[in-house]
Amino acid sequence: MDGKKNGFKNLDVAGLHPDETHGQYHFKMGFNGQVKEIGVYSKSYRYDEIKHAKAIYNELRGLK
């Protein structure tokens, strides 16, 4: 998919490694985008729900 052809203006690359020599930094900067600070990232509220459901699943699985 070509973001520019489809009119996309933003790409969230979920964080950028602070070390400019790191491969992940070079990969993400290869998109020729503009780096913007969005503040502190917090995991979705669903993350806790998924962790809880997984714990219940594993507990029930152990009862078999």
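Residues numbered from 1 in each chain as written. Predicted model: local features only at pLDDT ≥ 70, side-chain atom pairs only at ≥ 80, totals over all residues. Heavy atoms only, no water.

Regarding the overall build of the protein
For the record, the criterion: Strands here mean DSSP runs of E at least two residues long; helices mean DSSP runs of H or I at least four residues long; both are numbered from the N terminus. Each accessible area is a Shrake-Rupley estimate made with a 1.4 Å probe; only the visible protein chains count as cover when residues are assessed.
On a plain count of helices and strands, the protein comes out with 2 helices and 0 strands. Summing over all exposed atoms, the protein offers an accessible surface of approximately 6,600 Å²; the carbon and sulfur share of this is 56%.

Brief notes about a nonpolar patch on the surface
Cut-off, in case you're wondering: Patch members must show over 30% relative accessible area and no salt bridge, and they are joined within 9 Å when carrying like charges or within 5 Å when they are nonpolar side chains of Val, Leu, Ile, Met, Phe, Trp or Tyr. A pairing counts as a salt bridge when a side-chain nitrogen of Lys or Arg comes within 4 Å of a carboxyl oxygen of Asp or Glu. When accessible area is computed with a 1.4 Å probe and restricted to protein chains, residues below 20% of their type maximum are described as buried, those above 50% as exposed, and intermediate ones as partly exposed.
Residues Leu11, Phe27 and Phe31 make up a contiguous nonpolar surface patch of roughly 360 Å² in combined accessible area. Of note, Phe31 is situated in the loop between α1 (23-29) and α2 (45-63). Overall, Phe31 belongs to the partly exposed group, its relative accessible area being 47%.

Quick word on the environment of Met29
In this fold, Met29 is placed in helix α1. As for Met29 and Leu16, which are separated by 13 residues in sequence, their C-alpha atoms are 8.7 Å apart.

Keep in mind that these numbers describe shape and distance, not what the molecule does.
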